[in-house]
Amino acid sequence: MRRRDDGSFVEFVAARGNALMRTALLMCGTRQDAEDILQTALEKAYRHWGRLDPDSDPEPYVRRILVNQIISRARRWKVLREIHVAKTPEVPAPSETHSLELRGTLMEELRRLGPRQRAVLVLRYWEDMSEMETAEVLGCSVGTVKSQASRGLARLRERLGANLALLGR
């Protein structure tokens, strides 16, 4: 069995780097966080690159590292990101650019989901993975993927319903 080399890693990053960045951005919410986490995931993948089977696709392995990094970081930073205010901020009046506001609202609500639900929704509906593929990437059962997707979508619908009413729709 031949080993993977540095050239194959560079080729992989060149071919799949943008897709992995897009996934990280959707799961993290900010470009800076996505770049940091993707860099860390690629570093971890590179350390073990020579041990991977050269005949298999390395993307599921790298994507799994990426998702685990995002979930782990979300757990560590959850306490720091929660801000409690005595009075909720005012809701801006609807403007004439509803679709842009709706997209921003959708992204904001996606960021409010827990890391596992967000990961399931991004992999299932943005990356267009099957339930089985999503379960493999996340290292969980298909039933967990189904329940997390169902709960995440219900939460988005609930929150977006209230926001759509505020946007005048």
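Cut-off values and rules
Residues numbered from 1 in each chain as written. Predicted model: local features only at pLDDT ≥ 70, side-chain atom pairs only at ≥ 80, totals over all residues. Heavy atoms only, no water. Salt bridge = Lys/Arg side-chain N within 4 Å of Asp/Glu carboxyl O. Helix = DSSP H or I, 4+ residues; strand = E, 2+ residues; numbered from the N terminus. Buried < 20%, exposed > 50% of the residue type's maximum accessible area, 1.4 Å probe, protein only. Phe/Tyr/Trp six-rings, centres within 6.5 Å; stacked < 30°, edge-to-face > 60°. Core = buried A, V, L, I, M, F, W, Y, C linked by side-chain atoms within 4.5 Å. Contact = heavy atoms within 4.5 Å. Axes fitted to C-alpha atoms, helices over the stretch in contact; angles between N-to-C directions. Parallel < 35°, antiparallel > 145°, perpendicular 65-115°, else oblique. Left-handed = near helix turned anticlockwise from the far one by under 90°. Nonpolar A, V, L, I, M, F, W, Y, C, P; charged D, E, K, R; others polar.

In the structure shown here, the tally under the stated rule is 9 salt bridges. The closest approach of N and O atoms between D33 and R73, which form a salt bridge, is 3.5 Å. Highlighted residues: D33 in helix α2 (residues 31–47) and R73 in helix α3 (residues 59–81), separated in sequence by 40 residues. For the residue pair D33 and R73, the accessibility class agrees, reading buried in each case.

What follows concerns the packing of aromatic side chains. Applying the stated criterion across every chain, the model contains 3 aromatic pairs. Relative to W49, the ring of F9 has its centre 5.0 Å away and its plane inclined at 80 degrees; by these criteria the two rings are edge-to-face. Separated by 40 residues along the polypeptide, F9 in helix α1 (residues 6–28) and W49 in the loop between α2 and α3 bring together distant segments of the chain. For W49, a relative accessible area of 2% translates into the label buried. Ring pairs connect the aromatic residues F9, F12, Y46 and W49, which therefore count as one cluster.

Although it is not a glycine, D128 sits at a positive phi angle of roughly 60 degrees. For D128, the location among the structural elements is in the loop between α5 (115–126) and α6 (131–138).

Moving on, we come to the nonpolar core. Note that soluble globular proteins tend to have their nonpolar side chains buried in a common cluster. Grouped together as the largest cluster of nonpolar side chains are 37 residues, with contacts concentrated most on L20, M27, V62, L66, V67 and L123. Residue assignment for this core shows that the elements contributing at least two residues are α1, α2, α3, α5, α6 and α7 (142–166). Broken down by element, the residue count for this core peaks at 8 residues, all from α1. Residue contacts for L66: discarding those within four places in its chain leaves L20, T23, A24, I37, L38 and A41.

So, about the side chain of R73. For R73, a relative accessible area of 18% translates into the label buried. Sequence-distant contacts of R73, defined by excluding residues within four places in its chain, comprise D33, D36 and I37.

In this section: the packing of α1 against α5. Packing of α1 against α5 leaves a shortest axis separation of 9 Å and a crossing angle of 140 degrees. The angle between α1 and α5 falls in the class oblique. When the axes of α1 and α5 are compared, the crossing they make is right-handed. Facing R22, T23, L26, M27 and C28 of α1, the residues of α5 in contact are R118, A119, V122, L123 and W126. Here the residues of the contact of α1 with α5 are counted per class, giving 7 nonpolar, 1 polar and 2 charged.

Turning next to the packing of α5 against α6. Packed helices, taken two at a time, are described by the angle between their axes plus the distance between the axes. Running from N to C, α5 and α6 point in directions that differ by 135 degrees, and their axes come no closer than 10 Å. Taken as axis vectors, α5 and α6 run oblique relative to one another. Where α5 crosses over α6, the two elements pack in a sense that is right-handed. Residues R116, A119, V120, L123 and R124 of α5 lie in contact with α6, whose contacting residues are E131, T134, V137 and L138. For the contact of α5 with α6, the residue count by class is 5 nonpolar, 1 polar and 3 charged.

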